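Examining the three-dimensional arrangement
Listed below are the residues making up each chain.
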Amino acid sequence: MTIETTPPVRTLAPAARAVDVLGGDLTEASLRRYLNGIPGVDAVGLEQRAAGLGTRSIKTTSKAWALDTIISLIDLTTLEGADTPGKVRSLVAKALTPDPGDLTTPRPAAVCVYGDMVPYAVEALGSAHAGTTPGGVNVAAVATAFPSGRASLAVKLADTADAVAAGADEIDMVIDRGAFLSGRYGLVFDEIVAVKEACRRPDGSYAHLKVILETGELNTYDNVRRASWLAILAGGDFIKTSTGKVSPAATLPVTLSMLEVVRDWHRLTGEKIGVKPAGGIRSSKDAIKYLVAVAETAGEEWLQPHLFRFGASSLLNDVLLQRQKLSTGHYSGADYVTID
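Read on for an overview of the structure. (Residues numbered from 1 in each chain as written. Predicted model: local features only at pLDDT ≥ 70, side-chain atom pairs only at ≥ 80, totals over all residues. Heavy atoms only, no water.)

By the element assignment, Ser-257 lies in helix H11 (residues 252-269). For Ser-257, a relative accessible area of 0% translates into the label buried. With 29 residues separating them along the chain, Ser-257 and Ser-228 place their C-alpha atoms 9.1 Å apart. Filtering out sequence-adjacent residues up to four positions away, Ser-257 remains in contact with Val-41, Leu-46, Tyr-221, Val-224 and Arg-225. (Helix = DSSP H or I, 4+ residues; strand = E, 2+ residues; numbered from the N terminus. Buried < 20%, exposed > 50% of the residue type's maximum accessible area, 1.4 Å probe, protein only. Contact = heavy atoms within 4.5 Å.)

This is how it looks when you write it as C-alpha cells:
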C-alpha cells in the first residue's frame, strides 16, 4: 500500500463500490480527494428548479394515482420516547388497514420504530410482515444511537445487530455529522461500512440500510451532495434526509440535490440507490411535489418502495382525506381518520 499523507493514513474498511469507483487502494486521502473534487452545487439554480417542479398541476385520474402511490411509499413512523407496545400495535393496525371504509386503499411500505419496538411490530404484522410474505409490510428500525449518533461504534453496531436479529427488514442509521463536518470522511465511511456488515443475517442476506445525513445540520448543498456520495460509496442502499428531530428536516431543494446524486450514480455504475425525505412532509399537496421531482430527476422507475420513501407520521391522514374527497366529492370530518 502506498502511504499518501503524513501522518500515516489507515486503509479504510473494504467497500466494493468505493474500490470500483476510486480504483486501487482505498485510503483516507483518496476518499477525501474524490469527495472534494465533486463539482459544487449551483444553489440558485437548484432552488429555482425545485420551485418550478412545485408548480406542476396534477388532477383527476392522475391525482388518484398519485395519492395511492404516496401511500405505498410511506414509512409510517412513531419515534417518541413515550412509545409503547400498544402504540406500535395501533400503528401496525393502521398500516394493515389504512381506511376501514375502503379496503382498496394500498398499504404503506413499512412501519418505522425504535429497535426495542421491533418485536412488537413483527408480532402485530404476523403473516403480513414482509419477512414472511413477499410484498408485505416491512419493519424499519432506527439505530446507531438515533437521532444524535453520539455513541461508540460498538454501541452502534450492537444497536443495529439487535434490531436485525429481532426481525427488522430495514435499518435507518445516522452518520456522525461532527466527523463529517470536520472533514473526517474516512471515519464516517468506516462506520457506514461496519453498520452495513451488522445488517448481515445468518443466511448471508442483508437488511436494507438507509443512511440518514441529517441535512439540516450539514449547512450547505455542497455538503449534502458530498455526504450523499460518501454514503453511497460506503454501501448505503438509501440516502435519507433527516431524523425528523432537527429543523429544517426534508426540503424539496435538498431532496432534489440527493436525487441528482442517485441519478448520476446510476449513470456511472448502473446501480439504483433509493432516496427518503423524512420530516415535515404533512400534506398530499407537498408530497405530490416530491413525486414530480423524483419522476423528472431520477425517473419514473424510482416511484416504487425499494427506491423512494416518505418518512412520515401525519402524511397518511391527509392523503386518506384527499382520497375520499376524490371519491365522494366532499371532505370528511377530522374524526374520519385516527389520531396518531
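And the narrative resumes.
Moving on to unusual backbone geometry. A negative phi angle characterises most non-glycine residues, just as the trans form characterises most peptide bonds. With an omega dihedral of 0°, the bond running from Phe-146 to Pro-147 counts as a cis peptide bond. Between Ser-247 and Pro-248 the backbone carries a cis peptide bond, its omega angle lying at 0°. With respect to the helices and strands, Pro-248 occurs in the loop between strand E6 (238-240) and H11. Even without glycine at this site, Thr-144 takes up a positive phi of about 60°. Its location among the elements puts Thr-144 in the loop between strand E3 (138-142) and helix H7 (153-165).

As a further point, take the nonpolar core. In this structure, Ile-70, Ile-171, Phe-189, Ile-192, Val-262, Phe-310 and Leu-315 are the most contacted members of the largest nonpolar core, which totals 91 residues. Excluding residues that lie within four positions of it along the chain, Val-262 makes contacts with Ile-232, Ile-239, Ile-273, Gly-274, Val-275, Ala-298 and Trp-302. Counting 7 residues, the second largest nonpolar core, distinct from the first, contains Leu-79, Ala-140, Val-142 and Ile-212. (Core = buried A, V, L, I, M, F, W, Y, C linked by side-chain atoms within 4.5 Å.)

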